[in-house]
Structure formats: structure tokens, C-alpha cells
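One-letter residues, chain by chain:
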Amino acid sequence: MTSTFAQLGLPDPLVRSLAKHEIVVPFPVQEATIPDVLAGRDVCGKAPTGSGKTLAFGLPLLTKVDKATRQRPRALILAPTRELAEQIKQELAPLARAVNRYVVAIYGGVGYGPQKGALRKGVDVLVATPGRLEDLIEQRSVDLGDVDTVVVDEADRMADMGFLPAVRRILDQTSPKRQTLLFSATLDGDVAVLIRDYQQNPARHEAGTIESETIDARHHFWLVQHHDRIQHTADLVDEMGKTIVFTRTRHGADRLARQLDKAGIAAVAMHGGRSQNQRTRALKAFSTGRAQALIATDVAARGIHVDDVESVIHFDPAGDHKDYLHRSGRTARAGASGTVVSLVTGEQRRSVQRMQTDLRLNAPIKEPRMEDLRNAGHRIGEPSSQLETRRSSHKRPATRTRTKARTSNGHSTSGAQSLYVANLPWEATTDELETLFGRYGKVHETTIIAHPRTGRSKGFGFVEMTASDARTAVRELHGSVMGGRDLTVRLARPKGGNT
Ligand code: ADP
Ligand code: MG
């Protein structure tokens, strides 16, 4: 049985502040982690992108953290990139205010003045990238001697980026009685050594396998000519809406952004070679919808959370299956569905097939067909999928492809709309969903997401109906009660592009 945040032991002000942001049901990683952290244990958590790790460590940390004195923070969260540090701060700051605590993020690429000023006032929870933190320690602007809780977020990426020696030097300066929390997509290799050396008898939590990172994303592999990739990308963004496009190099990212602009797609680039200001502006343009496409390199996009990313394009194929998952995890976050397209040239075919094997992704590499995108596609782990999917009994073609009515300008006027349904009672079945939503029109398909290992429902799922029926269903069913729980119902993937 799942619990509420209050039952997990969090104080009222935090629970109320969460509710204001419509966060009421803990995600599995939060349910697993929060009680252990509150009890003072070291925790190492392996959980996929988008599973809610920030709150998993942030909530218990804010519950326990003491007030800091000048330049001596009490809790430290280490993150590999500036964007990630900033996002953690943004997510925790309103919650911190509710319990009268102060969170500040420090990272490179911006001036020292404001960061030093904040530290002088006293920062209870410091979010930092390792490089800038070491700079500020050296300049005696901060002392870690009172830090008794440390979080190492995205530890595997920290290792990939060569930050582990710095992380060790930093951990060595914190209180020896410290509680250490570590989160990572993988817990092997260098991360395992860090756990061995810096954690004591940690509680290990594994929320979902890495495969489920892209749980409801549909994956496509398009065989293309090298010189056609820009046009394909432009067409895809046009069709799908808000899209993150990955390139291998910084230079490639800049060039593609320019080329897409020329092709009439508002695009911005984000990579490590750009100033902090440029990156912040790019991210903002993309979040607000002013830019339809964000062109990014692997490192730059790590851990970034932007809502409602419709699709991810691998303009250059991912280096390996881990990168593929991290990139693809930018869409289909937190239960939303998304489309992932890899552009593959003839000579890349072999290595992409090898990567597919590592991914357990059984998808053909085939000629581009825009019509396949909306409803067809391959899921990771199929056919031994962790999805319980049931088609309704009325006759439909056996494939997942559905035809859409189209106007002359190519925008869809009807067609299936995916609804995201959350806060389901654990015992809810796809049949019950079908009956419930069937009151508002024909239900094409219902899906309830189950935990891959235990088979237990994760409490959310998807219903597909025509767009207009779906809108009625949202109006009628959002906030209605099923098995004593208030349902969340929203459009999972708006159709017809976006602003
Ligand atoms: P991760 O760090 O694991 O990649 P995040 O912590 O960034 O994931 O969370 C992904 C998104 O899910 C964020 O937008 C966050 O606000 C949202 N989220 C986290 N926990 C919950 C919850 N219990 N209910 C609803 N949304 C949540
Ligand atoms: Mg995170």
C-alpha cells in the first residue's frame, strides 16, 4: 500500500507546500528513500532519470537540516553540472522557505560576488558543482566543517566527468559524523568504490531498472542519408513540437541550430562551450516555447528537466546505451509519453544495432515515415514488456498504427490523444479504466504501468481516446474519486504541434 508524504514522516509545512504544486503521491523512489534518510541512515539509490530523486533526498534533508551560521553550511548537495545545480535549487527553494531554511546554488561560469555574499549571510543547504565549491573553499568563503548531510547526485556522471577526486577531497572536509546519500543511474565501477569508502552500511534502493527510464517513450530508428538529416530534423520538430536534439559535438550543435533557424524552426543550442548566461537564456527560450528545438550535447543536457518535451531526436547516434537512455529520458518524464527518433546513416547502422541489443530495444532501422510516429513505435523491453496493455474489444487493425484525419496543411485534426492518469488505487485494472473513460467516448487503449520487478502497479497509466473525447474526459474526470483517491487526469501529449 502506498503512503502519503505525511505518512512517510514529513512535517506539515512541507506537505502543504508540495500539495500547492500538486505533488501528493510519493513516487516509488521517494517512498523507499525518505523514511531511511529521516532515520539517519546512509542511502544509495539507483533510480532512472525522471523518477523523482530530487525530492527523495530533498524532502528529508529539509526536514532535518539545522540553521547554518555564517559561511558554514549544514547540508551539501553536489551536482555535476551548473544547470542541474540550479534546477535542484529551484525545486527545493520554495519548500525550504516553508520550513524557514535557505538554499543557495553555487557553480562556475558566473561571478563570485553574489555567491560569496550569500555564503556570508549563512546558507543552510548548499547546492554546488565540485569545481566552484573548491574555489570558494580555497578563498575561505566557505567552510564545510559543520556539514553533516551530504548528497552526491548523479554520481555516475560525476565519475564520467572526472569529478570523483574533487568529490573525495570535498567529502573529506565535511563532518566525520556525516550522513551520506548517493544517487546514480548505475552503482558499479567507480561509484561502487565511492560508496565503499564514504558510506556506512547504506540502505540500497533500486527504483526501477534503467530500462524503465524511458518507460512510455516510443522509439524509432530512421535510415537516412547524411545530407538529409537537417531536413528530417526540421520536419520532425514541425510535426512533434517541443523537441530536444542531440549532437555529438558542440560545434555540431551550433551549426545545426543555425541550419534549423534557416529552415524556419526556432532553435537554440546549449553546450559546455557557451557562457552561463547563454545557457540560461537558451533553456528559458525552450521552456517557455519561444524556441521549438533545443540542440544539446550529452553533458549539457544531463539532468535537465523541462516539462512537456514531446520528442527527442538523436541527430548523431548516442555513443552507447547509457547515453541513449539519458538522452531519451528527456522526454517521457514523470509518466508522460514521448517519441524518440534516431537518425542513422548506412555506416552507423552496425553500431546502432549493437546498441539496440544492449538496450533490449527490438526496433527495425527503416525508411523514414512520419505517419508511423504518433502511435506506432517500439518500447524498450518489448515483447517481455513491463506494461500491462489491453486493447478494447472493438475491431481495430492489429498494428499500433492508426490513421489520422489530416487537413491540407498537414496538421492533424483528430486522431488518438493519450491521457495521463495518476493517483490510481493500486488495485485498479485496465478494465475499470476503460469503463470509467468509456463514459466520455470510445477508448482505444488503456495501460497501467507496473513495476518491472514486483509487477505492482505504479499508480499511473494512460488512456487513449480521440482528442475531443479526451478533453471532455479531462474536464469530467480530473479530481474525481476512484477507490478513495482523487484522480489526476491530463493530456499526456498535446497534438498538432505547439507554440
Ligand atoms: P530525477 O532527478 O530522478 O531525474 P526529478 O527529481 O527531476 O527526477 O523529478 C522529475 C519530475 O517529477 C520533476 O518535475 C518533479 O517535480 C516531478 N515529481 C517528483 N516527485 C513527484 C511526485 N511525487 N508527484 C508528482 N510529480 C513529482
Ligand atoms: Mg535529478
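Since we're looking at a predicted model, the values are computed, not measured.

The rules behind these values
Residues numbered from 1 in each chain as written. Chains lettered and ligands numbered in written order. Predicted model: local features only at pLDDT ≥ 70, side-chain atom pairs only at ≥ 80, totals over all residues. Pairing = 2+ DSSP bridges. Helix = DSSP H or I, 4+ residues; strand = E, 2+ residues; numbered from the N terminus. Contact = placed C-beta atoms within 7 Å. Axes fitted to C-alpha atoms, helices over the stretch in contact; angles between N-to-C directions. Left-handed = near helix turned anticlockwise from the far one by under 90°. Nonpolar A, V, L, I, M, F, W, Y, C, P; charged D, E, K, R; others polar. Expected span 1.5 Å × (residues − 1). Buried ≥ 20, exposed ≤ 12 C-beta atoms within 10 Å, placed from the backbone. Arc of directions from axis to C-beta. pLDDT = per-residue confidence, 0-100.

## Regarding the sheet that holds strand 10 (residues 267-270)
To summarise the sheet geometry, strands pair through backbone hydrogen bonds and adopt either a parallel or an antiparallel arrangement.
Right, on to step 1. In space, the seven strands of this open sheet follow the order 10-11-9-12-13-8-14, with parallel pairing throughout. Each edge of the open sheet carries a strand with a single partner, namely strand 10 and strand 14 (365-366).
Right, on to step 2. Where strand 8 (residues 217-223) meets strand 13 (residues 338-344), seven bridges bridge the pair, whose relative direction is parallel. Counted as the bridge partner of phenylalanine 221 is serine 342 from strand 13.
Right, on to step 3. In the packing of helix 15 (residues 349-359) onto the sheet, the strands contacted are strand 8, strand 13 and strand 14, and the crossing angle to strand 13 comes to about 145°.

## Considerations on the packing of helix 3 (residues 53-64) against helix 4 (residues 82-98)
Right, on to step 1. The contact between helix 3 and helix 4 brings their axes to 11 Å, and the two run at 35°. Of the two elements, helix 3 crosses helix 4, and the hand of that crossing is right-handed. Each of Thr54, Gly58 and Leu62 in helix 3 lies in contact with helix 4, whose residues at this interface are Ile88, Glu91, Leu92, Leu95 and Ala96.
Right, on to step 2. Class assignment of the residues belonging to the contact of helix 3 with helix 4 gives a composition of five nonpolar, two polar and one charged.

## Section: helix 12 (residues 276-288)
Right, on to step 1. For helix 12, spanning 13 residues, the distance from its first C-alpha to its last is 18 Å, which sits close to the expected 18 Å at 1.5 Å a residue.
Right, on to step 2. Looking only at helix 12, the buried set comprises Arg279, Ala282, Leu283 and Phe286. Along the axis of helix 12, the buried positions cluster into a sector of 95°, meaning they face one direction only. Exposed positions of helix 12 whose direction lies more than 90 degrees from the buried face are Asn277, Lys284 and Thr288.
Right, on to step 3. Immediately beyond the C-terminal end of helix 12, within one or two residues, lies glycine 289, with a positive phi of roughly 90°.

## Some details on the sheet that holds strand 2 (residues 75-78)
Right, on to step 1. Overall, parallel pairing links the seven strands, which are arranged 3-4-2-5-6-1-7 in an open sheet. Two strands close off the open sheet at either side, each with one partner strand: strand 3 (103-106) and strand 7 (203-206). Strand-to-strand twist of the sheet, defined as the mean angle between neighbouring strand axes without regard to direction, takes the value 15°.
Right, on to step 2. Taken together, the four bridges between strand 2 and strand 4 (residues 125-128) define a ladder with parallel strand orientation. The partner of leucine 76 across the bridge, within strand 4, is leucine 126.

## Considerations on the confidence of the model for the chain
Right, on to step 1. Across the chain, the average pLDDT comes to 84, with 85% of residues at 70 or higher.
Right, on to step 2. Within the model, pLDDT remains below 50 along residues 383-413, and this stretch shows 46 contacts once partners closer than five positions in the same chain are excluded.
Right, on to step 3. Scored below 50 in pLDDT, residues 495-499 shows 13 contacts in the model against residues more than four places distant or in partner chains.

## Considering helix 4
Every α-helix carries 3.6 residues per turn, so stepping three or four residues along brings you back to the same face.
Right, on to step 1. The end-to-end C-alpha distance of helix 4 is 25 Å, a good match for the 24 Å that 17 residues give at a rise of 1.5 Å each.
Right, on to step 2. Turning to helix 4, its buried residues are Arg82, Glu83, Leu84, Ala85, Glu86, Gln87, Ile88, Lys89, Leu92, Leu95 and Ala96.
Right, on to step 3. Tucked into the core, helix 4 has its buried residues touching helix 1 (12-20), helix 3, strand 2, strand 3, strand 4 and helix 12.
Right, on to step 4. Backbone geometry just after helix 4 places asparagine 100 at a positive phi near 60°.

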